[in-house]
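These are the residues of each chain, in order.
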Amino acid sequence: MTQRALDSSGGQTPGPGEQPPGNSRTSGNPRQAKIDAGAELDPVHPVDPPPPAHRPEGLTTAEVAERVARGEVNDVPVRSSRSVVEIVRANVFTRFNLIIGVLWVIMLFVAPIQDSLFGFVIVANTGIGIIQEWRAKKTLDSLAVIGEAKPTVRRDGTASEISTSEIVLGDLVELGPGDKVVVDGTVAEADSLEIDESLLTGEADPVIKRAGDQVMSGSFVVAGGGAFTATKVGREAYAAQLAEEASRFTLVHSELRSGISTILKYVTWMMVPTAIGLIISQLVVKDNNFKESVARTVGGIVPMIPEGLVLLTSVAFAIGVVRLGRKQCLVQELPAIEGLARVDVVCLDKTGTLTEGGMDVSEVRPLNGSDEAYVQRVLRAFGSSDPRPNASLQAIIDAYPADGDGGDTAGAGRADGGDAGSWAVTDAMPFSSARKYSGAAFTEADGTASAWLLGAPDVLLSEGDPALKQIERLNEQGLRVLLLARVPGGALDAPGAAAEAVPTALVVLEQRLRPDAGDTLAYFADQNVATKVISGDNAVSVGAVAGKLGLAGAENTLDARRLPSDPDEMATAMERNAVFGRVTPQQKRDMVAALQSRGHTVAMTGDGVNDVLALKDADIGVSMGSGSEATRAVAQIVLLNNSFATLPSVVAEGRRVIGNITRVATLFLTKTVYSVLLAILVVCTQVEYPFLPRHLTLLSTLTIGVPAFFLALAPNKERAQPNFVRRVMRYAIPSGAIAAASTFVTYLLARHHYSGAGALEAETSAATLTLFLVSMYVLAIIARPYTWWRVALVAAMGLGFLIVLVVPWLQDFFALKLVGTVMPWAAVGIAAAAAVLLEFVWRWVGRRFRA
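Residues numbered from 1 in each chain as written. Predicted model: local features only at pLDDT ≥ 70, side-chain atom pairs only at ≥ 80, totals over all residues. Heavy atoms only, no water.

## What about the packing of helix α24 (residues 693–712) against helix α27 (residues 788–806)?
Move 1: Remark: α24 packs on α27, axes separated minimally by 10 Å, with the N-to-C direction vectors making an angle of 160°. When the axes of α24 and α27 are compared, the pair comes out roughly antiparallel. In this structure, α24 meets α27 at a crossing whose hand is right-handed. Each of L698, L699, L702, V706, P707, F710 and L711 in α24 lies in contact with α27, whose residues at this interface are W789, R790, L793, M797, G800, F801 and V804.
Move 2: Per-class residue counts for the contact of α24 with α27 are 12 nonpolar, one polar and one charged. (Axes fitted to C-alpha atoms, helices over the stretch in contact; angles between N-to-C directions. Helix = DSSP H or I, 4+ residues; strand = E, 2+ residues; numbered from the N terminus. Parallel < 35°, antiparallel > 145°, perpendicular 65-115°, else oblique. Left-handed = near helix turned anticlockwise from the far one by under 90°. Contact = heavy atoms within 4.5 Å. Nonpolar A, V, L, I, M, F, W, Y, C, P; charged D, E, K, R; others polar.)

## Looking at the pairing of strand β12 (residues 437–443)
Move 1: Burial analysis of β12 places six of its seven residues in the buried class, which makes it a mostly covered element.
Move 2: The turn joining strand β11 (residues 424–432) and β12, which pair antiparallel and follow one another in sequence, is formed by four residues; a positive phi near 65° is taken by K436.
Move 3: Sheet analysis places β12 next to strand β13 (residues 449–455), joined by seven bridges and oriented antiparallel. Paired with S438 across the bridge in β13 is L454.
Move 4: Between β12 and β13, which pair antiparallel in sequence order, lie five residues; one of them, G447, sits at a positive phi of approximately 95°. (Buried < 20%, exposed > 50% of the residue type's maximum accessible area, 1.4 Å probe, protein only. Pairing = 2+ DSSP bridges.)

## Points about empty space enclosed by the protein
Move 1: One pass over the full model with this rule turns up five cavities of 30 Å³ or more.
Move 2: Roughly 70 Å³ of internal volume is contained in the largest cavity.
Move 3: Lining the largest cavity are 14 residues, and of these N475, R480, V481, N538 and R582 sit closest to its centre.
Move 4: Counting only elements with at least two residues in the lining of the largest cavity, the list comes to α14 (457–460), α15 (467–476) and β14 (480–487). (1 Å grid on protein atoms, 1.4 Å probe; cavity = no way out; pocket = protein on both sides within 12 Å on 5 of 7 lines; lining within 4 Å. Points joined across faces, edges and corners; volume = space filled by probe spheres on them.)

## Describing the confidence of the model for the protein chain
Move 1: Confidence along the protein chain averages 79 in pLDDT terms, with 85% of residues attaining 70 or more.
Move 2: The element-level mean pLDDT for the protein chain is lowest in helix α1 (residues 30–37), coming to 36, with α27 highest at 94.
Move 3: Across residues 1–53, where pLDDT falls below 50, the model places 164 contacts with residues more than four positions away in sequence or in other chains. (pLDDT = per-residue confidence, 0-100.)

## Concerning the side chain of S450
Move 1: Tracing the chain through its elements places S450 in strand β13.
Move 2: The buried category is assigned to S450, whose relative accessible area is 1%.
Move 3: Separated by 2.9 Å, the side chains of S450 and E444 make a polar contact.
Move 4: Side chain to side chain, S450 and W452 meet in a polar contact 3.0 Å long.
Move 5: Sequence-distant contacts of S450, that is, excluding residues within four places in its chain, are made with W423, A440, A441, F442, E444, R486 and G490. (Polar contact = N/O pair within 3.5 Å; in protein donor to acceptor, adjacent residues only side chain to side chain.)

## A look at the pattern of salt bridges
Move 1: Enumeration over the complete set of coordinates arrives at 20 salt bridges.
Move 2: Between D458 and R582 there is a salt bridge; the shortest N-O distance is 2.7 Å. Of this pair, D458 sits in helix α14 while R582 is found in the loop between β18 (579–581) and α20 (585–597), placing the two residues 124 residues apart along the sequence.
Move 3: Several salt bridges share partner residues, and in doing so they unite D458, D559, R561 and R582 into one network. (Salt bridge = Lys/Arg side-chain N within 4 Å of Asp/Glu carboxyl O.)

## Re the packing of aromatic side chains
Each aromatic ring pair is summarised here by two numbers: the centre-to-centre distance and the angle between the ring planes.
Move 1: In this structure the tally under the stated criterion is 13 aromatic pairs.
Move 2: Aromatic side chains Y689 and F691 sit 6.1 Å apart centroid to centroid with 75° between the ring planes, which places their arrangement in the edge-to-face category. This pair shows no difference in class: Y689 is buried, exactly as F691 is.
Move 3: What links up through ring pairs into an aromatic cluster is the set Y374, F382, W423, F442 and W452.
Move 4: Just above the ring of Y266 sits the side chain of K265; from NZ or CZ to the centre is 5.5 Å. (Phe/Tyr/Trp six-rings, centres within 6.5 Å; stacked < 30°, edge-to-face > 60°. Lys NZ or Arg CZ within 6 Å of the ring centre and 35° of its normal.)

## As for α20
Move 1: In this model, α20 (13 residues) spans 19 Å end to end at C-alpha, consistent with the 18 Å of a helix rising 1.5 Å per residue.
Move 2: Within α20 the residues assigned to the buried category are P585, Q587, K588, R589, M591, V592, A594 and L595.
Move 3: Once α20 ends, the next one or two residues include G599, with phi positive near 85°. (Expected span 1.5 Å × (residues − 1).)

## Here we look at the environment of T94
Move 1: Tracing the backbone through its elements, the reader meets T94 in the loop between α3 (84–92) and α4 (95–110).
Move 2: T94 gets classed as partly exposed once you look at its relative accessible area, which sits at 29%.

## Looking at unusual backbone geometry
Move 1: In the segment running from R784 into P785, the intervening peptide bond is cis, with an omega of -5°.
Move 2: Among the structural elements, P785 can be located in the loop between α26 (759–782) and α27.
Move 3: Phi at N368 is positive, roughly 55°, even though this residue is not glycine.
Move 4: At A815, a residue that is not glycine, the phi angle is positive and equals roughly 55°.
Move 5: Tracing the chain through its elements places A815 in the loop between α28 (808–814) and α29 (822–848).

## Let's talk about the nonpolar core
The tendency in soluble globular proteins is for nonpolar side chains to be buried side by side.
Move 1: Within the largest apolar cluster, 88 residues are counted, with the highest numbers of intra-cluster contacts made by F118, V664 and F801.
Move 2: Among the elements that take part in this core, helix α23 (residues 647–685) stands out by supplying 12 residues, more than any other.
Move 3: Not counting chain neighbours up to four residues away, the residues in contact with V664 comprise L312, A708, L711 and A712.
Move 4: Counting residues in hydrophobic clusters, the runner-up holds 37 residues, among them L324, A517, L521 and A603. (Core = buried A, V, L, I, M, F, W, Y, C linked by side-chain atoms within 4.5 Å.)

## Looking at a negative patch on the surface
Move 1: Negative charge collects at one region of the surface, where E57, E63, E66 and D156 lie side by side.
Move 2: Positionally, E63 belongs in helix α2 (residues 61–70). (Patch = residues over 30% accessible without salt bridge, like charges linked within 9 Å, V, L, I, M, F, W, Y side chains within 5 Å. Areas by Shrake-Rupley, 256 points an atom, 1.4 Å probe, with all protein chains shown as cover. Lys, Arg positive; Asp, Glu negative; His and termini not counted. Charge placed at Lys NZ, Arg CZ, Asp CG, Glu CD.)

Shown next, in the form of structure tokens:
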């Protein structure tokens with residue numbers, strides 16, 4: 001059975017599509033099935049309120065076809081991913097690709113092809129980025145179809161589920177608890193219909209809707225049911241544009257990406273004046289061969305651009321989406337992968353997360369001398385009062401079916417035979433998470449009128465009632481308890497009906513624990529992520545369930561009715577306790593805000609409409625795939641397999657992305673720093689720039705490009721840390737400065753050592769050797785902690801450079817040839833001294849500048 005966040009014992013609100021076994025949402029209720037089929041009802045099963053004489057049957061097939069032909073269709077292109085054109089545009093048309101493209105074209109005209117290799121590398125990298133994001137798009141699109149909400153539309157008198165995009169103007173759309181209003185319309189039918197418009201207006205209080213009232217797309221049903229006629233569809237609907245933007249694949253609003261953008265902005269500011277100075281120095285001041293001067297100028301500009309960093313970040317995110325997609329996890333916004341990795345508090349709802357949606361009636365305990373057989377008749381009739389039963393009521397229906405053919409889970413005999421079927425429903429009050437009970441009024445078989453409430457005992461019973469003690473003992477066993485109470489006078493809407501209700505019986509429900517929930521809680525505890533169980537159920541009962549699953553601090557329970565309203569005091573209470581019961585939807589939202597006020601990054605899981613506000617305000621909202629349409633709409637992550645056990649995979653994926661990108665960003669930005677500093681030193685000393693583009697292409701490939709790709713996709717369980725820019729730059733700046741200084745010292749020594757023809761090539765080779773060795777040591781530091789494959793990766797890169805130095809045709813291709821023994825060994829010695837300095841600086845920075 002579909003899960004829901006709150007039930008009638010403690011605030012559980014049903015989600016859309018929750019139903020007994022069957023293909024339609026009404027298959028478990030014969031009365032509603034008859035209504036939907038347009039059949040004539042049995043007089044002993046009247047519907048409350050009685051159906052109008054001419055119940056709207058919706059549009060006919062012919063009318064639907066006419067509207068489709070006129071284009072009056074809800075054709076808003078709500079996508080979960082960017083289009084192929086957008087993917088290509090985003091990966092190709094970048095500021096740095098433009099700069100490199102221009103330089104590449106210049107090099108193709110003035111220098112050998114080996115000096116233009118950097119352009120081919122960029123083409124290949126951009127192609128990889130496009131392919132990876134396209135794979136992510138296919139994964140997202142396929143998962144979005146699986147998780148798409150399907151509203152129920154009545155056509156030709158028959159209700160059926162259709163895609164949101166198939167709704168046409170004038171369609172009659174049915175609504176039930178948890179359903180999202182997908183287009184604007186006018187209420188045609190209302191049965192205690194309450195709609196939450198907080199996502200549109202900011203007002204948290206539900207609005208009671210009656211026939212003729214307007215409903216807006218983006219709102220959702222919290223109680224009751226009904227139907228509305230679509231008056232605006234497609235782009236004309238109030239929330240159409242908001243919905244399109246909210247569900248679009250996005251790479252924005254991420255600390256990681258915004259941090260990279262900040263870095264690139266500063267890099268651009270440094271690069272422009274430095275590049276201008278280098279151009280003047282190499283082309284005007286130095287009287288050299290024009291083509292070689294151009295080549296060396298380009299060789300100084302290209303490595304300043306950390307173009308691969310943006311690409312690698314996109315690739316890492318895209319691969320993360322594909323990996324999670326294989327586990328039936330829909331990531332509606334890419335930064336959610338990153339965000340969940342930063343989470344230090346996870347707020348869980350018990351039902352649907354720690355327990356499975358279904359429950360079983362373990363026993364019924366009559367109170368105040370009530371007749372058990374009569375209580376069973378009441379429960380049997382109660383099950384017929386709601387066409388969309390929630391988890392608790394469904395358990396009662398399974399135990400006491402109205403047709404008299406079901407089992408006897410409670411262990412009591414069927415003394416009444418089947419005469420409960422002759423009870424007629426005269427009034428019904430749907431469950432509300434605010435009041436935490438539902439109600440129904442009947443005309444009994446003998447004509448007597450009676451009214452009943454079913455809900456949370458500690459809400460319906462007065463303080464000090466003797467029944468509370470046995471309820472507490474049951475709750476301590478992790479059992480859920482409902483109270484059946486009779487309303488004097490037989491009227492649900494009588495003033496003080498709940499306060500005057502007479503306790504009649506306790507319905508004890510046994511919850512089904514999720515077999516994987518314990519391991520998931522243990523994972524979060526091991527990762528130092530605090531877990532808070534927030535439920536509408538009794539706090540003691542929830543704590544007992546959490547304790548069975550091994551939640552640390554499960555004994556620290558708090559009834560939310562005693563929770564302080566002051567945000568600071570609430571935050572203190574949230575940090576001290578692990579389990580909270582009798583929580584209202586608004587309190588859930590306040591609790592998230594209180595935790596955030598203490599600097600916590602909060603994830604909220606839920607599947608019922610009562611969770612929507614909290615999901616929306618949490619840093620990361622996680623919805624179950626079987627949850628209500630409203631929760632799936634506002635959540636950044638949807639677990640389509642309804643398994644809480646998938647969350648560790650999402651956390652691990654986020655940590656892999658953030659931790660690894662932080663590592664490789666240091667590599668990329670070290671290159672940018674030493675390139676800018678080398679250019680400044682060349683301009684100041686008025687010497688030839690030591691490198692051709694081919695040299696830095698080789699260095700970048702061996703010390704950054706290839707290693708970064710493997711390091712970015714490697715497993716990484718380190719907890720994500722804030723201050724991305726600070727964490728990266730505190731190492732990149734000193735590393736780049738040491739690399740630039742040591743390389744330039746080698747170059748200056750070589751200029752004094754070599755003379756005559758071929759001197760510049762020998763000087764460049766010595767400087768290249770030093771820069772490679774220093775860059776390799778930076779790579780070796782970043783690759784820590786070492787594993788066999790990390791050591792092999794670093795060794796392979798070193799071997800690649802050695803091959804270039806010893807193979808004659810590669811020497812000629814890359815213009816690298818070490819001359820003599822003095823300068824090559826001097827270059828190695830300078831690099832070794834730089835490595836010692838790097839080790840010292842990295843350790844000092846780690847202690848002195850903690851991020």
